[in-house]
Structure formats: C-alpha cells, structure tokens
Amino acid sequence: MKVTPITTIKTIVDTVEHAGAGVKLFSLVDPDRWELPPFRPCAHIDLHLPDGLVRTYSLCNDPADNNRYLIAVKREPAGRGGSARLHDHVKAGDRIGVSLPRGGLMLDADVSRFVFVAGGIGVTPFLSAASWLKRTGGADFTLHLVARGAPPLSRLLAPLQRSGHLVLHDTSTAARPEIAALIGRPSRKTAIACCGPASMIDDFEQASRDWPEACVHIERFVPPVLPADPDARPYTLALSRSNLETRVDPGQTMLAALLGLGIDIPASCCGGICGACKVDWLEGRPVHRDRVLSPAERARSLMVCVAGSDGDRLVLDL
Amino acid sequence: MLDTLHDPSSRQSPVALSWTGVVRYLHITPRAFLPMRAMPELRLVEGKGIEGDRYMIGREEGFYSHKPEEGRQVTLFELETLVALKRDANIELGPEEHRRNVTVEGVPLTHLVGRQFWLGEALLEATRLSIPCRHIEDITGKAIFDPLINRSGLNCRILQGGTVRVGDAVRNVR
C-alpha cells in the first residue's frame with residue numbers, strides 16, 4: 001500500500017458555534033476522541049485548509065482540556081481567505097489537519113500577577129491563559145478587553161466577568177484606554193501580554209519598553225512588515241543532507257529558495273512569528289529576523305521565512 | 001578477532017542468557033503526533049503489530065508509516081535509559097514520552113538484535129535498534145535527540161501473538 005507522509009494531526013470538526021458578530025467557535029477533536037497533544041496557555045496551532053491555505057489561530061480552551069482544540073475565528077472579508085473559508089465552508093464532521101501547538105506563555109514561578117491587554121478578537125489567546133490561571137490559582141490576573149460595543153465570545157468571557165478578572169473597555173462609549181495605565185509600573189513579579197490590532201501592539205510595545213524583556217509577551221495576528229535591507233547581497237544556500245545548493249537573491253526569502261528546490265518546508269505566517277518553518281543551521285553566519293526564537297535557540301536554528309545570511313554561504317541541516 | 005565475534009558458536013556463556021526482566025509500562029497511540037496512552041495490557045498480533053497502535057500493519061497511521069518496515073511491529077525501551085537521562089543530562093523523560101510501546105526493566109535491549117525472547121505471552125524477534133528522531137523533540141519539546149543516540153530502544157517482529165500485561169516477565173528463549 002502506498003502511504004504518504006503524515007505531516008499534520010488529523011482532527012474532525014466536532015461543533016461549530018456562533019460566538020458573536022462575525023465570530024465562530026470551532027471545536028476540533030480526534031476522530032476517536034483520543035487526547036490531543038498538550039499545549040501551553042496562549043499557544044496556537046496552524047490549520048491546514050484546502051487549496052494549501054495554512055492559517056494560525058490561538059487555542060481558547062484550558063490546556064487541561066486535552067480532548068479538543070477550541071479556536072475562535074472572526075470572519076475578515078478583506079483578509080487572506082482563511083477566515084472566510086472556515087466561516088463559509090467548514091461544518092461539523094469535516095476533517096482538518098492541524099500542526100502541533102506552538103508558543104504560549106513561559107510560566108515563571110516568580111510571577112505572581114498577569115495583566116492581559118486584548119483588542120477585540122485578540123482576546124482569544126488569553127482565554128486559555130485565564131482558564132489555566134483560574135484553575136491552578138497560582139497567580140492573580142486581570143484581562144483588559146478593548147472592544148467597540150458588545151465583545152465577542154461572551155459565553156467564554158462570562159465566568160471571567162463574574163469572577164472580576166475581566167475589565168471591559170467599550171470604545172463606543174468611552175475613549176480608548178491608555179495602555180501604560182493598564183499595565184502599571186514595571187515589575188519582575190508581573191507578566192504583561194498583548195494581542196490585538198497593529199496599532200494596539202505598537203502602543204503596547206511603546207508602553208512596555210522599560211519592562212524586563214522576560215515579563216513581556218506579544219501575540220500578533222499579522223506578521224510585522226520587515227524593512228527592506230539596502231545592504232542585502234546574494235548568497236549560496238547549501239543543504240548538507242540533500243547535497244543541494246541554490247542561490248538566494250536579494251529580496252528573496254530562504255523559504256522561497258527552498259521551495260524552489262522542491263524542499264517541502266511547513267510554513268505559515270511567513271513573517272517570523274509563528275515558528276512553523278524552523279530549520280537547524282550548520283555553517284555560516286545567519287541573520288535572524290524572527291520574533292520567535294530565543295538567543296539559545298538561534299545558536300542552532302533559524303526561521304527560513306525571514307532569516308538571511310551575513311556571509312557568502314550558509315549551510316542548513318536539510 | 002572480528003571473525004570470532006561473528007561466529008555464535010565461539011561465544012562463551014552469552015550474557016544475554018542470564019537475564020530476566022519485567023514489563024513496567026505499556027503504551028499505544030492510534031495516530032501520529034497524538035499522546036501515548038498508558039494501558040494495563042496490550043494484545044500483540046502475530047506478524048502484524050499491536051491492536052490499536054498506529055504502526056499495526058494495515059493501519060499505517062504512524063509518523064514513519066510511509067516507510068514500511070515489517071520488523072517494526074512492537075517497540076521496546078529500557079527504563080534504565082530514563083534513569084540515565086535524568087542522572088547524566090538532567091532530563092525528565094516519562095515512559096509515555098519516548099513513544100515506544102513497552103518500557104522494560106532489567107532487559108539488555110542492545111544485546112538482543114537478531115535474538116528471540118518472550119514478552120509476556122508473546123514471542124518476539126528483535127530486528128534492529130531503534131534510532132532517535134527529531135520528531136520526538138517536536139512532540140516533547142525536549143532536546144533528547146543526542147542523549148538517545150544508541151539507547152533509543154529496540155524494534156521487534158511478533159513471531160507468536162498474545163497478551164502482554166504490566167508486570168509480566170521478559171525472558172530469553174532458552
């Protein structure tokens with residue numbers, strides 16, 4: 001029997017639920033209701049949709065709830081097509097391949113308080129964190145949700161509202177709050193996190209510039225736009241195990257060069273934030289432009305979607 | 001010297017005949033990437049694999065199922081390796097994380113390639129040593145590839161099926 005490699009976790013859509021204006025909640029489960037791979041609070045997965053669409057969504061359920069992956073999707077008519085595909089065509093019983101969960105909060109035992117700042121549907125990653133923190137009771141937290149009018153996912157937010165953990169900021173009736181006022185003064189015992197539109201992320205980055213780096217966590221919907229590198233030069237990309245070489249031209253990504261060689265590299269955000277296309281490097285001087293690898297990880301790995309080379313030749317472990 | 005090593009008749013009192021081990025943990029999973037689930041017993045099917053496991057021949061739902069291997073019907077792992085990982089590399093690895101089916105104690109797995117032995121009611125033939133893979137690092141999030149080189153377990157063919165339970169003896173064929 002001819003068998004093709006299995007590259008994703010097989011799930012089926014168990015339920016689809018309307019969860020506010022333009023928002024649907026999808027519950028994905030194993031076909032035999034087997035446990036799914038574990039994840040950290042604020043983690044995300046890639047959904048592999050038909051026609052090669054790969055889209056990343058935050059997991060909304062408690063990490064202890066390991067029999068399903070719960071994702072909330074806001075339909076973005078002007079988006080890249082993933083949310084429209086999910087809203088218009090995906091129904092209960094459909095099969096969807098998903099990636100292993102990635103990312104999420106690194107939970108430091110010294111942190112005694114979390115402040116989450118979310119804009120609209122950007123609340124999704126903090127729902128898993130809030131459930132986790134409420135259940136474990138290890139640290140206090142406040143979730144600030146900035147939204148115009150009624151917030152999405154009201155059913156999931158209701159327990160947080162009742163417990164006093166949720167602060168709603170309705171910008172249809174009041175001015176948008178100052179991020180600095182929400183997060184307070186820098187503290188090593190407090191972790192702060194933000195997810196929302198680009199303008200909110202920019203404000204959050206500005207407001208948190210004096211905070212310890214380890215205490216700041218940002219979840220992005222859209223990869224940041226990378227500035228063009230005027231000094232970019234072509235370089236040779238060599239693959240040690242495949243015994244292949246190719247030239248990467250200025251402006252071309254390493255990922256595009258690899259795909260051009262016929263190398264099947266999983267990629268999703270293509271902006272250095274999701275972590276899907278991590279590859280180990282062996283020789284050369286990589287230029288890391290991602291927002292996902294730690295300094296220690298960069299000593300061994302790079303993200304081919306955004307990384308470059310500071311030398312004439314870079315060797316990958318492929 | 002090497003000629004002598006390759007001639008079984010020249011070996012004196014093979015060490016492999018002197019051991020008796022025990023089954024400590026049993027695990028299966030139905031599909032690639034999914035967590036391994038602890039089981040009190042497994043049903044081994046002659047020439048096929050383990051009922052419910054992803055590498056059962058005909059099921060083909062394992063991460064490496066696209067690379068068929070008749071001698072990969074059941075896989076074993078040494079409990080002693082989990083102890084060594086903690087001792088030598090300060091890595092906590094649970095018996096559900098190494099992704100082999102049977103965790104045994106007191107069984108010199110690396111000595112058994114080409115030999116037959118009893119695992120509970122089942123008779124196995126060891127086909128080759130298992131090789132670690134980066135896939136397991138993706139799943140566990142732990143840097144265990146290098147520490148598992150040369151002690152990543154044993155692949156076996158099922159010569160005679162039967163039930164294997166936690167606590168069963170693992171015995172050499174005498």
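Residues numbered from 1 in each chain as written. Chains lettered and ligands numbered in written order. Predicted model: local features only at pLDDT ≥ 70, side-chain atom pairs only at ≥ 80, totals over all residues.

**Thoughts on the overall build of chain B**
To keep it simple, the criterion reads: What counts as a helix is a DSSP run of H or I of at least four residues, what counts as a strand is a run of E of at least two, and both are numbered from the N terminus. Put simply, a residue is buried when 20 or more other C-beta atoms lie within 10 Å of its own C-beta and exposed when 12 or fewer do; between those, it is partly exposed, and each C-beta is set from the backbone. Placing a C-beta atom from the backbone of each residue, one calls two residues in contact when those atoms lie within 7 Å.
Helix and strand content of chain B: three helices and eleven strands. The buried share of chain B, reckoned over its 174 residues, is 36%. Expressed as a percentage of contacts within chain B between residues at least 6 apart in sequence, the contacts between residues at least 24 apart total 73%.

**Quick notes on the overall build of chain A**
Defined as follows: The atom set for the radius of gyration is the C-alpha atoms, and the globule formula is 2.2 Å times the number of residues raised to the power 0.38.
Along the backbone of chain A there are seven helices and 18 strands. For a compact globule of 318 residues, the expected C-alpha radius of gyration is about 20 Å, and chain A comes in at 21 Å, within 12% of that figure. Taking the principal axes of the C-alpha coordinates as reference, chain A spans close to 60 × 55 × 40 Å. The burial tally for chain A puts 39% of its 318 residues in the buried class. Long-range pairs, those at least 24 residues apart, make up 66% of the contacts in chain A between residues at least 6 apart in sequence.

**Considering the interface of chain A and chain B**
What counts here: Residue polarity is assigned by list, with Asp, Glu, Lys and Arg as charged and Ala, Val, Leu, Ile, Met, Phe, Trp, Tyr, Cys and Pro as nonpolar; anything else, Gly included, falls into the polar class.
Listed by partner, the interface residues are 14 residues for chain A and 14 residues for chain B. Broken down by class, the residue content of the side of chain A that touches chain B amounts to nine nonpolar, one polar and four charged.

**Things to note about the sheet that holds strand β10 (residues 162-165) of chain B**
Note the cut-off: For two strands to be treated as a pair, DSSP must find at least two bridges joining them.
On the basis of which strands lie adjacent, the open sheet formed by three strands has the order β4-β3-β10 (chain B) and antiparallel pairing. Unpaired on one side and paired on the other, β4 (49-50) and β10 of chain B mark the two borders of the sheet.

**Here's the deal with the nonpolar core**
Defined as follows: In this usage, the nonpolar core is the set of buried Ala, Val, Leu, Ile, Met, Phe, Trp, Tyr and Cys residues whose C-beta atoms join them within 7 Å. Residue ranges assigned to each domain were obtained from an automatic or database domain assignment.
Counting 64 residues, the largest nonpolar core has Ile71(A), Ala72(A), Phe116(A), Ala118(A), Phe126(A), Ala129(A) and Leu143(A) as its most contacted members. Here this core takes six residues from helix α2 (residues 124-136) of chain A, the largest share from any one element. Mapping this core onto the domain boundaries places at least three of its residues in each of domain 1 (9-98) and domain 2 (113-220) of chain A. For Leu143(A), the contacting residues outside a window of four places in its chain are Phe116(A), Ala118(A), Phe126(A), Ala130(A), Leu160(A), His165(A), Leu166(A) and Val167(A). Ranked by size, the runner-up nonpolar core spans 28 residues in total, among them Tyr55(B), Leu112(B), Leu154(B) and Cys156(B).

**Regarding the pairing of strand β10 (residues 190-196) of chain A**
Residue and element names in this part refer to chain A. Of all seven residues in β10, seven are buried, a share of seventy percent or more. Where burial is concerned, the two faces of β10 agree: the one with Thr-190, Ile-192, Cys-194 and Gly-196 and the one with Ala-191, Ala-193 and Cys-195 are both buried. One ladder, built from six bridges, connects strand β7 (residues 113-119) with β10; its direction is parallel. Bridged to Ala-118 within β10 is Cys-195.

**Observations regarding the domain arrangement of chain A**
Residue and element names in this part refer to chain A. In terms of domain boundaries, chain A breaks down into domain 1 (9-98), domain 2 (113-220) and domain 3 (235-316). Taking only C-alpha atoms, the centre of domain 1 and the centre of domain 2 are 22 Å apart. Facing the 14 residues of domain 1 at the interface are 18 residues of domain 2. Counted by class, the side of domain 1 that touches domain 2 contains nine nonpolar, three polar and two charged residues.

**Some details on the confidence of the model for chain B**
Segments scoring low in pLDDT should not have their predicted coordinates read at a detailed level. The condition that has to hold: The predictor's confidence in any single residue is recorded as pLDDT, a number from 0 to 100.
Taken residue by residue, chain B gives an average pLDDT of 89. The fraction at 70 or more is 90%. For this predicted complex, the interface score ipTM comes out at 0.85, while the overall pTM is 0.79.

**Considerations on the sheet that holds strand β9 (residues 166-170) of chain A**
Residues and elements named next belong to chain A. To be explicit about the condition: For helices, the axis comes from a line fit to the C-alpha atoms of the stretch in contact; other axes are also lines fit to C-alpha atoms, and the angle between any two N-to-C directions lies between 0 and 180 degrees.
Pairing is parallel in the open sheet, where five strands are placed in the order β9-β8-β7-β10-β11. Only two strands of the sheet have a single neighbouring strand rather than two, namely β9 and β11 (216-220). When the angles between neighbouring strand axes are averaged without regard to direction, this sheet yields 15°. Set on the sheet, α2 makes contact with β7, β8 (140-147), β10 and β11; between it and β7 the angle comes to about 155°.

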